[in-house]
Amino acid sequence: MDFICPINKNYLDEQTAPRDGFGEGLVEAAKKDKNVVGLCGDLVESTRMQAFAETFPERYFEMGVAEQNMAGVAAGLALAGKVPFIASYAVFSPGRNWDQLRVSICYSKANVKIVGAHAGISVGPDGATHQALEDVAITRVLPNLTVVVPTDSIEAKKATLAIADHQGPSYIRFGREKTPNLTTKETPFKLGQALPIIIGHDVTVIACGQMVARAIQASEKLSGKISVGVINMHTIKPIDKEAIISVAKRTGAIVTAEEHQINGGLGSAVAEVISENQPVPLVRVGVKDTFGESGDPNVLMDHYGLGVDDIVRAIEHVIKKKNAS
């Protein structure tokens, strides 16, 4: 299988939590820009903002369990020239403070960076109340807001640095568990620009987060039978329309894969693009309109239809739809 960008071929054996990449990126961003400040909702260790708090104690603000207030304070800091990063679990931020995110941050175009940690079903034992499966849907609908879902810790670091430099509100989300280190330091990353990983001729899987590695595994399982391309769509908004239209024209079939509700997230964003520009058969892989439950992260991923075999079945299904059209 030919990768068209620098990829760690031992990715399944080398795993790190994406939040670690965020922590490293935030410290580096703060060293570059004295205006970078950090606010956290009593989750400094879990979100990996701790290294920043220890390195720049005078630029760290512990806000307690008060996510709505944290968003308001961050908006004020941004309007005063600071570059605030606010960190909590995604179910709380942007979940609990969506109104403040909408009005105080996005409407005001305040340069606030929202960090949603512990997102997705793979939070595991914490259960449904802590498994953010709707956060991409409720953020990508907001004007002026950039939405990023990095695939691993290396890309999470690059994304953190990129949104620190980006002028305007941004949301970055990642899970808690270790995920395959798929990308490398040499792998390109640019906000709003999709990363093609494998060129396919029969179908293309467009994925984000840890589902990118699973999409590659699915492509490998079907090697010799179906030519499956894979795209890492790390930026959900602004989405790379040109990349989507291009693969729709080339392969004539698309599968999307995300650790999120099947409605409102990446799959819906891709569907919007192809329906208006290049209609082709589409099958979406995601959580099917249900809440999660407590359990082992990998068991939950398979149970809720996010496994490698689920992507394989989606590929086979969309090929049938393509051949029947």
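It should be noted that the structure appears before, not after, this text.
Just so it is clear, the structure is predicted and the values come from calculations on it, not from any experiment.

Participant: Explain the overall build of the protein residue by residue, including any values.
Facilitator: Regarding its fold elements, the protein presents 11 helices and 14 strands. The C-alpha atoms of the protein give a radius of gyration of 19 Å, which matches the 20 Å a tight globule of 325 residues would have. Overall, the C-alpha framework of the protein stretches about 60 × 40 × 40 Å when taken along its three principal axes. Taking all 325 residues of the protein together, 60% fall into the buried category. In the protein, once contacts between residues fewer than 6 apart in sequence are set aside, the share between residues at least 24 apart is 79%. About 12900 Å² of surface is accessible on the protein, with carbon and sulfur atoms providing 49% of the total. With 33 positive and 37 negative side-chain charges, the protein shows a separation of 5 Å between the mean positions of the two kinds.

Participant: Explain the pattern of salt bridges to me, using residue names and the numbers behind them.
Facilitator: Applying the stated rule across the entire model yields 10 salt bridges. A salt bridge links Glu67 to Arg96, with the nearest nitrogen and oxygen atoms 3.7 Å apart. Here the residue Glu67 occupies a position in helix α3 (residues 67–79), and Arg96 occupies one in the loop between β4 (83–89) and α4 (98–107), the gap between them amounting to 29 residues. Its salt-bridge partner being Arg140, residue Glu272 comes within 2.8 Å of it at the nearest N-O pair. Taken as a pair, Glu272 in helix α9 (residues 266–277) and Arg140 in helix α5 (residues 135–140) lie far apart in primary sequence, 132 residues in all. Each of Asp126, Arg176 and Glu177 takes part in one network of salt bridges that share partners.

Participant: So what about the nonpolar core? Which residues, and what values?
Facilitator: Met49, Phe52, Phe85, Ile206, Ile244 and Ile254 are the most contacted members of the largest nonpolar core, which totals 74 residues. Not counting chain neighbours up to four residues away, the residues in contact with Phe52 comprise Leu26, Val27, Ala30, Val36, Val37, Gly38, Pro57, Arg59 and Tyr60. Counting 39 residues, the second-largest nonpolar core is a separate cluster that includes Ala207, Ala213, Val308 and Ile319.

Participant: Lay out the packing of α3 against α4 with the relevant residues and their values.
Facilitator: Their axes nearest at 9 Å, the elements α3 and α4 cross at an angle of 5°. With respect to their mutual orientation, α3 and α4 come out roughly parallel. Two secondary-structure elements touch here, α3 through Gln68, Ala71 and Ala75 and α4 through Gln100, Ser104 and Ile105. Grouping the amino acids of the contact of α3 with α4 by side-chain chemistry returns three nonpolar, three polar and no charged.

Participant: Describe helix α1 (residues 18–32), with residues and values.
Facilitator: For α1, spanning 15 residues, the distance from its first C-alpha to its last is 21 Å, which sits close to the expected 21 Å at 1.5 Å a residue. Looking at α1, one finds that the buried residues are Pro18, Arg19, Gly21, Phe22, Gly23, Gly25, Leu26, Val27, Ala29 and Ala30.

Participant: Any details on the packing of aromatic side chains? Residues and values, ideally.
Facilitator: In total, this model carries four aromatic pairs according to the counting rule given. Residues Phe52 and Phe56 carry aromatic rings whose centres are separated by 5.5 Å and whose planes lie at 40° to one another, so their mutual orientation is tilted. When the ring of Tyr89 is compared with that of Phe92, the centres are 6.1 Å apart and the planes differ by 20°; the resulting orientation is stacked. The same class applies to Tyr89 as to Phe92, namely buried. An aromatic cluster of at least three residues, connected via ring pairs, comprises Phe22, Phe85 and Phe174. The ring centre of Phe56 lies 4.3 Å from the NZ or CZ of Arg59, which sits over that ring.

Participant: An account of the state of the cysteines is needed here, citing residue identities and associated values.
Facilitator: Counted by the stated rule, this structure contains zero disulfides. Left without a disulfide partner, Cys40 is nearest to the cysteine sulfur of Cys106, which lies 20 Å away. Cys208 carries a free sulfur, and the closest cysteine sulfur to it, the one in Cys5, is 16 Å from it. Owing to a relative accessible area of 6%, Cys208 belongs among the buried residues under this scheme.

Participant: Outline the sheet that holds β4, listing residues and values.
Facilitator: Taken in spatial order, the seven strands line up as β3-β2-β4-β5-β7-β6-β12 in an open sheet, and their pairing is mixed. Across the chains shown, the open sheet's two edge strands, defined by having one partner strand only, are β3 (60–62) and β12 (235–237). With strand direction ignored, the average angle separating the axes of adjacent strands in the sheet is 20°. As paired strands, strand β2 (residues 36–40) and β3 are joined by three bridges and run parallel to one another. Across the sheet, Leu39 pairs through a bridge with Phe61, a residue of β3. Against the sheet, α1 makes contact with β2, β4 and β5 (113–117), and its axis sits at roughly 140° relative to β2, the strand it touches most.

Participant: Before we move on, can you summarise unusual backbone geometry with the specific residues and values?
Facilitator: Cis geometry marks the peptide bond from Ser93 to Pro94, where omega comes out at 25°. Inspection of the secondary structure assignment puts Pro94 in the loop between β4 and α4. Unusually for a residue other than glycine, Lys109 sits at a positive phi of about 55°. Along the polypeptide, Lys109 turns up in the loop between α4 and β5. The phi torsion at His118 lies on the positive side, around 55°, for a residue other than glycine. Counting through the fold element by element, His118 comes out in the loop between β5 and α5. Under the relative-accessibility criterion, His118 is labelled buried at 3%.

Calculation criteria
Residues numbered from 1 in each chain as written. Predicted model: local features only at pLDDT ≥ 70, side-chain atom pairs only at ≥ 80, totals over all residues. Heavy atoms only, no water. Helix = DSSP H or I, 4+ residues; strand = E, 2+ residues; numbered from the N terminus. Rg over C-alpha atoms; globule rule 2.2 N^0.38 Å. Buried < 20%, exposed > 50% of the residue type's maximum accessible area, 1.4 Å probe, protein only. Contact = heavy atoms within 4.5 Å. Areas by Shrake-Rupley, 256 points an atom, 1.4 Å probe, with all protein chains shown as cover. Lys, Arg positive; Asp, Glu negative; His and termini not counted. Charge placed at Lys NZ, Arg CZ, Asp CG, Glu CD. Salt bridge = Lys/Arg side-chain N within 4 Å of Asp/Glu carboxyl O. Core = buried A, V, L, I, M, F, W, Y, C linked by side-chain atoms within 4.5 Å. Axes fitted to C-alpha atoms, helices over the stretch in contact; angles between N-to-C directions. Parallel < 35°, antiparallel > 145°, perpendicular 65-115°, else oblique. Nonpolar A, V, L, I, M, F, W, Y, C, P; charged D, E, K, R; others polar. Expected span 1.5 Å × (residues − 1). Phe/Tyr/Trp six-rings, centres within 6.5 Å; stacked < 30°, edge-to-face > 60°. Lys NZ or Arg CZ within 6 Å of the ring centre and 35° of its normal. Disulfide = S-S within 2.5 Å. Pairing = 2+ DSSP bridges.

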